[in-house]
Amino acid sequence: MHELPQQLVNGLLLGSMYGLVAIGYTMVYGIVQLINFAHGEIFMTGGFGALTVWLILPTGTTMWIALPLMIIGAIVIATTIAVGAERFAYRPLRTAPRLAPLITAIGLSLALQQAVWAWYPEAKSSRTFPEISGGPFHLGSVTIQTGDIFLLVAAPICMGILAYFVAKTRTGRGMQATAQDPDTAKLMGINTDRIIVVAFALGAAFAAVGAVAYGLKYGEINFRMGFILGLKAFTAAVLGGIGNIYGAMLGGLALGIAETMATAYISDIPGMQQLGGQSWADVWAFVLLIVVLLVRPQGLLGERVADRA
């Protein structure tokens, strides 16, 4: 029990990262009913965009100067790819059967992986990501690594910006209207194509911030990192209620805590030691998903279809 506060903090940090990526899944699905399985790779390209900025900066540049530039680089690369994918891969298939854009998303995911591998051949093995010096920091029995400080600051700021944008701006209200009824929104003068582009761009920007947090936390990135994390972020979006942006962050936090707790404590159960290792950490995310779907199929903050109708 003396490890519980530390494990809770670890779970919240991990869940915040999942939530940042899950926002992209849930925003796009809420507006165009598309599960963008390439979103995990957009997250990955944001990480390599940040790394590229770091590599071209003069030697000796401090992280306090480099980090804002790396975040900008990550956001520019990720949003450019996401907007390009929406324009050239998804928009032509908007009226096609749902299987067509789904297969396109999977193909785009593989293409992005190979493109990054071709641009960074050494990415076949993990690339070292720059670290923030200092730390770790101790708060009672809780230890926070230096790389986690960025995530602690970035996650609530991103959620605050998103909440304000959706609730207070004209574009945000247009997103709500388009998500509720795109045909009626178009009749009311809302440019739904522009709204969809904004949704893709915002989701990619938050994923890029999550990618920088991932690199700072683990000290490395690779071209396959978006696959598993993308699946977990999609799981978080489903847990929270696909289409609900606040549910995406809540689902991410729930998933992160559940995964951390299961990994930390199941090894203490007699006869379950073989299931408690880090190699099984990915399993618990999907076990939680199955349980939630059995008990509450619409997710934690989702609506029943009949209620929405």
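Refer to the preceding data block for the structure.
Here's what I pulled together on the structure shown here.

How each quantity is defined
- Residues numbered from 1 in each chain as written.
- Predicted model: local features only at pLDDT ≥ 70, side-chain atom pairs only at ≥ 80, totals over all residues.
- Heavy atoms only, no water.
- Helix = DSSP H or I, 4+ residues; strand = E, 2+ residues; numbered from the N terminus.
- Rg over C-alpha atoms; globule rule 2.2 N^0.38 Å.
- Buried < 20%, exposed > 50% of the residue type's maximum accessible area, 1.4 Å probe, protein only.
- Contact = heavy atoms within 4.5 Å.
- Areas by Shrake-Rupley, 256 points an atom, 1.4 Å probe, with all protein chains shown as cover.
- Lys, Arg positive; Asp, Glu negative; His and termini not counted.
- Charge placed at Lys NZ, Arg CZ, Asp CG, Glu CD.
- Phe/Tyr/Trp six-rings, centres within 6.5 Å; stacked < 30°, edge-to-face > 60°.
- Patch = residues over 30% accessible without salt bridge, like charges linked within 9 Å, V, L, I, M, F, W, Y side chains within 5 Å.
- Salt bridge = Lys/Arg side-chain N within 4 Å of Asp/Glu carboxyl O.
- Core = buried A, V, L, I, M, F, W, Y, C linked by side-chain atoms within 4.5 Å.

1. Remarks on the overall build of the chain
- Looking only at helices and strands, the chain has 12 helices and four strands in total.
- Against the compact-globule benchmark of 19 Å for 309 residues, the chain has a radius of gyration of 19 Å, which places it among compact chains.
- Seen along its three principal axes, the alpha-carbon backbone of the chain occupies a region of about 55 × 50 × 35 Å.
- Buried residues in the chain amount to 49% of all 309 residues.
- Of the contacts made within the chain by residues no fewer than 6 positions apart, 75% connect residues no fewer than 24 positions apart.
- Split by element, the accessible area of the chain, about 15,100 Å² in all, is 67% carbon and sulfur.
- Of the charged side chains in the chain, 17 are positive and 15 negative; the average position of the first set lies 11 Å away from that of the second.

2. Section: the side chain of T192
- Following the sequence through the fold, T192 ends up in helix α8 (residues 192-218).
- Those residues in contact with T192, other than ones at most four positions away along the chain, are T178, P182, A185 and K186.

3. Section: the packing of aromatic side chains
- Overall, the coordinates contain six aromatic pairs when judged by the stated rule.
- With centroids separated by 5.4 Å and ring planes inclined at 65°, the aromatic side chains of F37 and F234 adopt a geometry described as edge-to-face. Highlighted residues: F37 in the loop between α1 (4-32) and α2 (39-56) and F234 in helix α9 (residues 225-240), separated in sequence by 197 residues.
- A relative accessible area of 18% means that F234 is categorised as buried.

4. Concerning a positive patch on the surface
- The grouping of K168, R170, R173 and R194 at the surface amounts to a positive patch.
- Checked against the element boundaries, R170 lands in helix α6 (residues 170-180).

5. Comments concerning the nonpolar core
- Core analysis: the biggest nonpolar cluster contains 81 residues, and Y90 and F150 have the highest contact counts within it.
- For this core, the element with the highest residue contribution is α8, accounting for 16 residues.
- If we skip the residues at most four places from it in the chain, F150 touches L67, I71, V209, V212, A213 and L216.

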